[in-house]
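# Results of the structural survey
Chain by chain, the residues run as shown.
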Amino acid sequence: MIQINPDLCKGCYICVEICPKSVYTVSSVTNKKDIKLPSPENENNCIHCHLCELECPDQAIYVEDKK
Ligand code: SF4
Ligand code: SF4
């Protein structure tokens, strides 16, 4: 499971760029700062490398470990 904290996201889209499996797309959903939030549309392709979680400058992403 991937969770994005909308209040912490600043819309840099590093997560969108960095994910090797193209899990994220930029959605039309906005947060309080009117930033379009990334959405893990292709979450089924996630290989749980945690790259997005580690590289997000605002710790807005949580990726659950693979079970
Ligand atoms: S890397 Fe973090 S702050 Fe940047 S768009 Fe993704 S979730 Fe938001
Ligand atoms: S954990 Fe890795 S594969 Fe999964 S969404 Fe993040 S960067 Fe992509």
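This text goes with the structure placed above it.
Overview of the structure. Each chain carries its own residue numbering, running from 1 in the direction its sequence is written. Numbering of ligands from 1 and lettering of chains from A proceed in the order in which they are written. This being a predicted model, a pLDDT of at least 70 is required before a residue's local features are given, and a value of 80 or more before pairs of side-chain atoms are given or counted; all residues contribute to the totals for chains, interfaces and linings.

Let us now look at the site of ligand 1. Each residue receives a C-beta atom built from its backbone; the residue is near a molecule or strand if that atom lies within 6 Å of it. Among the 13 residues in the neighbourhood of ligand 1, the closest are listed as Cys9, Cys12, Cys15, Cys56 and Ala60. Basically, the charged four are Asp, Glu, Lys and Arg, the nonpolar ten are Ala, Val, Leu, Ile, Met, Phe, Trp, Tyr, Cys and Pro, and anything else, Gly included, counts as polar. A class-by-class count of the residues in the shell around ligand 1 yields 10 nonpolar, 1 polar and 2 charged.

This paragraph deals with the pairing of strand 2 (residues 25-30). By the criterion of burial, strand 2 is predominantly exposed, with just 0 of the 6 residues buried. Any two strands are treated as partners once DSSP identifies two or more bridges connecting them. By definition, any uninterrupted DSSP run of H or I lasting at least four residues is a helix, any uninterrupted run of E lasting at least two residues is a strand, and each is numbered from the N terminus. Pairing geometry for strand 2 and strand 3 (residues 36-39), over 3 bridges, is antiparallel. Among the inter-strand pairings, Thr30 is bridged to a residue of strand 3, identified as Lys36. As consecutive antiparallel partners, strand 2 and strand 3 are separated by 5 residues, and within that stretch Asp34 has a phi angle of approximately 65°, a positive value. The burial criterion counts other C-beta atoms lying within 10 Å of a residue's C-beta, which is placed from the backbone; the residue is buried at 20 or more, exposed at 12 or fewer, and partly exposed between these limits.

A word on the site of ligand 2. Every one of the 13 residues lining ligand 2 counts as a neighbour, but Cys19, Val23, Cys46, Cys49 and Cys52 are closest to it. Broken down by class, the residue content of the shell around ligand 2 amounts to 10 nonpolar, 2 polar and 1 charged.

Inspection of the secondary structure assignment puts Asp58 in the loop between helix 2 (51-55) and strand 4 (61-63). Using a count of 13 C-beta atoms within 10 Å as the deciding quantity, one classes Asp58 as partly exposed. It is 6.6 Å that separates the C-alpha atoms of Asp58 and Cys9, two residues lying 49 residues apart in sequence. Contacts here follow a simple rule: the backbone-placed C-beta atoms of the two residues must lie within 7 Å. Residues contacting Asp58, with those up to four places away along its chain left out, are Leu8, Cys9 and Lys10.

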